[in-house]
Every structure is written in C-alpha cells, then in structure tokens.
Amino acid sequence: MTQAARPYIRMNGAGNAFIVVQAFEEGFHPTEGQVRALADPAAGLGGFDQLIGIEPSETADAFMRVWNADGSMVETCGNALRCVGWLLLEATDKEEVVIDTLGGPTTARRAGDHQVTVDMGAPRLDWAEVPLAEEMDTRGIELQVGPIDAPVLHTPGAVSMGNPHVVFFTDQQDDAFVRGSGSLVEHHPLFPEGVNVGFAKVIDRNQIRLRVWERGAGLTLACGTGACAALVATARRGLTDRKATVVVDGGELTIDWDEASGHVFMTGPVEIERTGLLPQV
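Residues numbered from 1 in each chain as written. Predicted model: local features only at pLDDT ≥ 70, side-chain atom pairs only at ≥ 80, totals over all residues. Heavy atoms only, no water.

Draft legend 1. Region of interest: the packing of aromatic side chains. Enumeration over the complete set of coordinates arrives at 3 aromatic pairs. Ring geometry for phenylalanine 177 versus phenylalanine 199: centroids 6.0 Å apart, planes at 70°, classification edge-to-face. Taken as a pair, phenylalanine 177 in helix α3 (residues 175-186) and phenylalanine 199 in strand β13 (residues 196-204) lie far apart in primary sequence, 22 residues in all. Of the residues examined, phenylalanine 199 reaches a relative accessible area of 0% and is grouped as buried. By way of ring pairs, the aromatic residues Phe168, Phe177 and Phe199 are connected into one cluster. (Phe/Tyr/Trp six-rings, centres within 6.5 Å; stacked < 30°, edge-to-face > 60°. Helix = DSSP H or I, 4+ residues; strand = E, 2+ residues; numbered from the N terminus. Buried < 20%, exposed > 50% of the residue type's maximum accessible area, 1.4 Å probe, protein only.)

In structure tokens form, the structure reads like this:
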C-alpha cells in the first residue's frame, strides 16, 4: 500500500485494540481490502479491532476516522476517542481537546494517570435516529432471538451514541452465545445501517457486566459507545442509576448520563503498547 512506511502506534482502551496512524501532513486512505489485510494477524500487527486515522480539522483539534477490522468505515468509537484524546492532550499540554468524527464532535479531558474522560454527547433515542427501519419505542423494541413462544433474547433497548446500538438485558454472556446471537442481530433488517449488539447483565444499580458484538469487528474486549448505550438503556428501564461502572472483558469504564446536560460521559484507561511501521499489504 502507498502508506507502507507510515509509522503507527498500537494502543488499547480497556482492551479494545487500535492501530493509530497520524495523518496531519500526509493523507491516509486505505482501501477496504488493505484494512482487512492489515487486520489479519499474518500482517504482523497482532490484529486489531479498529484502524484509526488522525486527520486535521478546521473546527476541532483533530478529526478521527475509524475503520473496523472488516474494512468498513464507521462513525465513531468511544474507546478510540479516549486513546486519540490522550495523544492530543500529551502533544498539546491542553486540559481539554475537541475531536471531530463522522458521528459528530466530542471533547476529551484528563481524568488521572492514563485515564481520560470523553463527553460522548446526548444519546439519540428516537427510532429514526438510531436508526431503525420502522417506528418503535426504543426503550424496548420488538425484536427477539429464538423460538417465538420462548425467545432466548427479547425486547432490547435501542440507542445511538453516534453509531447504532441494541442492548439485550440477559444473564447469558458466554462466547458462543454472544457470537451466535450477535452475528444474527448485526445484519437484521430492522437496522438499515447494521447494529452493535450489547449483552448487559445488571449486577446492581451501580454496576453492569457487558459483552459486545461489534458491527464489523465481532466480539471485542471493550466497546466504549456500547458501554454508554448499555448504561442509557438500563437507566431508561429503571434497572440502574444514571451513573454506573460498566465491566467489560478488558477492564472497567465509568459511565455517567449527566442529568443537567443530558450528555453521557465515559471515563476509562488508555494504554500504549508499542510503535512501528505499517507493513506493505
């Protein structure tokens, strides 16, 4: 690929793995095939959930472009926003930076050592904003998995955090179940843009155990927008308070759906794993 000699930073946010490429001076425009090739463990990058390009922006400190491992470009990624936010905060010595995305702008600020808080904005709760193919109450949409008289999953909440999410309330979270159900729901005709599928187990009013099947990426160790969507969905159903710890496979995220502003704030860890040069693919 033309970006063969491009430097990259491998980062993770609560285990959600990213390859981050700085594209301020030189554009970064990999094809779907090139993204898929880079995501293949054989490429030597160790595989990743998302490929991230950091581009210049006229209205923000940077623009973050996101490709899933399957090569598809998506609107945003919550854990990547924390990672990119941390890089920008380190580079600028600012206390707060603005990052624009296809899903809209957000702000990131320091929250401790390698901890970043991102303002994910207000959740979009209208059926047309998720979007759904037909009008429904997004607190509990008409969708089920399994036999019609005894579904294994049913009546999930639907939320957009700049990207579409559906959240099932379930105690069943094993790998096979999440993979099987998630891959089934991801391309359901009810979701014209596809959907990220959350499996949320409410531990108590302040804690949620969450696993997420990400649209275009599969089962990941963490999904930041998924954690935000899970908190919003459980709070709307009265199952949790508006602030809770969301435990994902890769760590913990603190999600706060602020009542005054209506915005969702996500706080969580950032880790730099290594740097290198992108291989020829």
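There is more to say, and it comes next.
Draft legend 2. Looking closely at the environment of leucine 88. By secondary structure assignment, the location of leucine 88 is in helix α2 (residues 78-92). Placed 11 residues apart in sequence, leucine 88 and isoleucine 99 show a C-alpha to C-alpha distance of 9.1 Å. Contact partners of leucine 88, with chain neighbours within four places excluded, come to Phe24, Asp61, Ala62, Val97 and Ile99. (Contact = heavy atoms within 4.5 Å.)

Draft legend 3. Structural context of the pattern of salt bridges. Here the structure, examined in full by the defined rule, presents 14 salt bridges. Glutamate 26 serves as the salt-bridge partner of arginine 6, at 3.7 Å between the closest nitrogen and oxygen. Linking arginine 6 in the segment before β1 (7-13) with glutamate 26 in the loop between β2 (16-22) and α1 (32-39), this pair joins segments that are 20 residues apart in sequence. Judged by relative accessible area, which is 46%, glutamate 26 ranks as partly exposed. (Salt bridge = Lys/Arg side-chain N within 4 Å of Asp/Glu carboxyl O.)

Draft legend 4. Summary view of the pairing of strand β7 (residues 106-110). Taken together, the 4 bridges between strand β6 (residues 96-100) and β7 define a ladder with antiparallel strand orientation. Counterpart to valine 97 in the pairing with β7 is alanine 108. Where β6 folds back onto β7 in an antiparallel hairpin, the turn is made up of 5 residues, including glycine 104, whose phi is positive at roughly 110°. With 4 bridges connecting them, β7 and strand β8 (residues 115-119) associate as antiparallel partners. The residue of β8 that forms the bridge with alanine 108 is valine 118. (Pairing = 2+ DSSP bridges.)

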